[in-house]
Amino acid sequence: MLRVSDSSRDTAQGAGWGSAEPGAYKQLMPPHVRKVSWLDPRTLWAARNGVLASWFGDPTGRTRGRWVARRQAAGVPADKVFRREVPDRFSFMVIGDTGEGGDSQYAAVPGFLKTGRGTEFAVITSDVIYPVGSADDYGNNFFRPYRDYPAPIYAIPGNHDWYEGLGAFMRVFCGDTPPLAPAPRPRPLGRAWWRALLWHRPHPKDGQHLDEARKLRSAPGQQAEQPGPYWALDAGPVRLVGIDTGLLGTLDAEQGAWLREVSAGPRPKILLTGSPLYVDGEHHPCPIDGGGTVDDIVRDPEHHYVAAIGGDIHNYQRYPVQVDGRTIQYVVSGGGGAFMHATHTIPRVSVGGVTERDFRCYPLRGDSLAFYSRLYARRLRLPRVGLSESEATAVIAERLGVEPGRAPGPGTRVTRRTRLVASLLGAGGRPDRTSRFRLPVRKTYTQLFSPSSVTYTPPFFKSFLRLDVSAREIRVRCFAATGNRPQELDPPLEDEVVIPLERAL
Ligand SMILES: [Fe+2]
């Protein structure tokens, strides 16, 4: 039986603050870790294909079509539905944006293994491998961290997995699919020609160490093969539908048509996507080439979706949205391994009928603000910029006009200094007098600077989900990993929701 310790909603220690015994996760790490620096020009240059796709047109849909055709030629059914025999009651794990290979990924592993005991399988929702999805990074960023997870792991790709054309992902998750032949040469000086000229491609020797790395997860029970980058998995009463939103967070027309097809029928469904549909207090319905959106399909009452879980943003958020008298749980779960995206910049939530009363996030906004304020205090060598978790919690409650997620310590006062720091760090996302001078933690800056929040000491604010399925209901729980030993031994429960299935069946 899983014991559950204090969460970040109970105590500051539950959030990982204060001095605690460090986690044992370091023993799982390889002797030499290549630290991903998101400010290193070499990393940014290698990850340039997303920018090139937005400038010169996105070739992902066509490349994906070629991968899918190749899988079909190898015998994969056109509907891309596969099945797993499971007991009447079964459980599975969902973990997002894992593949950074450093402390923050490995810090989540002991809690993931403990919480994942007895689960039938796990799904990684996007960004399996940073920075560019290379085959040679699968050893330290996938096979090693999950070597002791005894069940299969399926995945959907994120934008980072596409930065080298998805070849490594297809080898690892899709039956060792061999590389695609080079695409035909585009017309000189056209947009596609410029794109091809500047395009980042895998190193010719990439993947030499893959066979060695695979030995780390070579037990028969760990083997997994999925139909392609997008798929549907029938397990017990539910269908999981994994989509591939590519480099730019969109769906090609062929995948859109497939999604409509596999979404039909009374079986309750959970969407798994690299691009969350509700995130940071906003609705992002995810366009499909040729018309319509992914969220149109999710909301259609004929399709019986009960939840849509997305990665991409490296924290946890939940929006229970009322759709025609039903509740669909829209979840962000991208806190499985990479640097932490801020939650304190999420404005007072009012979207799709969801307000602060029903919205949940992890880390709590106060903890996110304390984390970032201390990060900048260290970077800028200005200790007064650093806020204690109590100060940050109190100032967030004041700015948003909400009850604090956790009671701040006794005697905590909101001072001019705490207000100024909160304002500079974009707390609450509210524009005000100082917003012109906000430090870069959100929006356009997020891509470039939030990644620089990579840290190597707790608290890491990592999270993952365990879903327990029966014929009557699905229980979704978000567990946390701080990087400290107490939370490795008893992963704290940060959120829980039970989805009844009767009405969908
Ligand atoms: Fe990511």
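Sequence order sets the numbering: in each chain, residues are counted from 1 along the sequence as written. With pLDDT at 70 or above as the cut-off, local features in this predicted model cover only qualifying residues; side-chain atom pairs require 80 or more to be listed or tallied, and sums for whole chains, interfaces and linings still use all residues. Values shown for side chains rest on all heavy atoms present in the structure; no hydrogens or waters enter the calculation.

S.K.: When you look at helix 3 (residues 60-73) in this model, what are you seeing that I'm missing?
M.R.: Because each turn of an α-helix spans 3.6 residues, side chains separated by three or four positions in sequence point in the same direction. Segments assigned H or I by DSSP are reported as helices when at least four residues long, segments assigned E as strands when at least two residues long, and all are numbered from the N terminus. What a helix should span is 1.5 Å times the count of its residues minus one. Look at helix 3: 20 Å from first C-alpha to last across 14 residues, which is about the 20 Å you get at 1.5 Å a residue. A simple rule labels every residue: compare its accessible area, found with a 1.4 Å probe on the protein chains alone, to the largest value its type can have, and call it buried under 20%, exposed over 50%, or partly exposed in between. Within the sequence span of helix 3, burial applies to Thr 60, Thr 63, Arg 64, Gly 65, Trp 67, Val 68 and Arg 71. The criterion used for residue contact is that any of the two residues' heavy atoms lie within 4.5 Å. Contacts made by the buried residues of helix 3 are with helix 7 (167-173) and helix 10 (253-263). Positive backbone phi, at 110°, marks Gly 75, one or two positions downstream of helix 3.

S.K.: Looking at this structure, how should I read the coordination of the iron ion?
M.R.: Ideal donor angles around a metal are set by the shape: a four-donor tetrahedron calls for 109.5 degrees, a six-donor octahedron for 90 or 180 degrees. The iron ion binds to the protein through Asp 97 (OD), Asp 127 (OD), Tyr 130 (OH) and His 314 (NE2); the donor distances cover 2.1 to 2.3 Å. Counted as coordinating are nitrogen, oxygen and sulfur atoms within 2.8 Å of the metal, or 3.2 Å for Na, K and Ca, while water is not included, which may make sites look incomplete. A four-donor site is called tetrahedral if each angle lies between 85 and 135 degrees; a four-donor site is square planar, and a six-donor site octahedral, when trans pairs exceed 155 degrees and the remaining angles lie between 65 and 115; all other cases are labelled irregular. Each of the four donor atoms bound to the iron ion contributes to angles spanning 85 to 176°, and the resulting shape is irregular. Coordination of the iron ion draws on donor residues from a single chain, spaced D-x29-D-x2-Y-x183-H in sequence. With a gap of 187 residues between them, Asp 127 in the loop between strand 3 (121-125) and helix 6 (138-143) and His 314 in the loop between strand 10 (305-310) and strand 11 (316-323) connect regions that are remote in the sequence. For the pair Asp 127 and His 314, one class covers both residues: buried.

S.K.: I would appreciate a short explanation of the pattern of salt bridges in the present structure.
M.R.: Side chains that carry opposite charge are capable of pairing whenever their charged atoms lie near each other. In what follows, salt bridge is the name for a side-chain nitrogen of Lys or Arg lying within 4 Å of a carboxyl oxygen of Asp or Glu. Tallied over the entire structure, the rule returns 23 salt bridges. Between Lys 215 and Glu 212 there is a salt bridge, with its nearest N and O atoms 3.2 Å apart. With relative accessibility at 54%, the residue Lys 215 sits in the exposed group. A salt bridge links Arg 239 to Asp 234; the shortest N-O distance between them is 2.7 Å. Residue Arg 239 is classed as buried on the basis of its relative accessible area, which comes to 13%. Overlapping salt bridges bring together Arg 466, Asp 468, Arg 475, Arg 477 and Glu 496 as one network.

S.K.: What should I look at first to understand the sheet that holds strand 7 (residues 269-273) in this one?
M.R.: Across a sheet, paired strands are connected by hydrogen bonds in the backbone, their directions being either parallel or antiparallel. Spatially, the eight strands line up as an open sheet ordered 1-5-6-7-10-12-11-15, and their pairing is mixed. Each of the sheet's edge strands pairs with one partner strand only, and the pair in question is strand 1 (81-84) and strand 15 (360-362). Here the strands of the sheet are splayed against their neighbours by 20° on average, with no regard to which way each runs. Here, strands pair whenever DSSP counts at least two bridges between them. Bridge analysis of strand 5 (residues 231-235) against strand 6 (residues 238-242) gives five bridges, and the strand direction is antiparallel. Pairing of Ala 235 across the sheet is with Val 238, part of strand 6. Packed on one face of the sheet, helix 10 meets strand 1, strand 5, strand 6, strand 7 and strand 10 and runs near 175° to strand 6. Here an axis means a line fitted to C-alpha atoms, over the contact stretch when the element is a helix, while the angle between two N-to-C directions is reported on a 0 to 180 degree scale.

S.K.: What is the right way to look at the nonpolar core in this model?
M.R.: A general tendency of soluble globular proteins is for nonpolar side chains to be buried together. The criterion is simple. A nonpolar core is a set of buried Ala, Val, Leu, Ile, Met, Phe, Trp, Tyr and Cys residues joined through side-chain atoms within 4.5 Å. Core analysis: the biggest nonpolar cluster contains 56 residues, and Ile 270 and Ile 474 have the highest contact counts within it. Here this core gets seven residues from one element, more than from any other, and that element is helix 12 (residues 365-380). When residues are assigned to domains, this core turns out to be shared by domain 1 (41-339 + 461-500) and domain 2 (365-453), each giving three or more. In contact with Ile 474, other than residues within four places in its own chain, are Val 238, Ile 270, Val 306, Leu 467, Asp 468, Val 469, Val 497, Val 498, Ile 499 and Leu 501. If you look at the next biggest cluster of nonpolar residues, it comprises 42 residues, including Met 93, Val 128, Ala 168 and Cys 174. Domain ranges listed in this record stem from an automatic or a database domain assignment.

S.K.: Hey, could you run me through the UniProt feature "domain: Calcineurin-like phosphoesterase" (unreviewed entry) in the chain in this one?
M.R.: UniProt positions are given in the numbering used here, feature names are shortened, and annotations may be inferred rather than shown by experiment. The sites that UniProt annotates as "domain: Calcineurin-like phosphoesterase" (unreviewed entry) are residues 91-315. Secondary structure over residues 91-315 splits into 24% helix and 18% strand, and the C-alpha atoms at its two ends are 22 Å apart.

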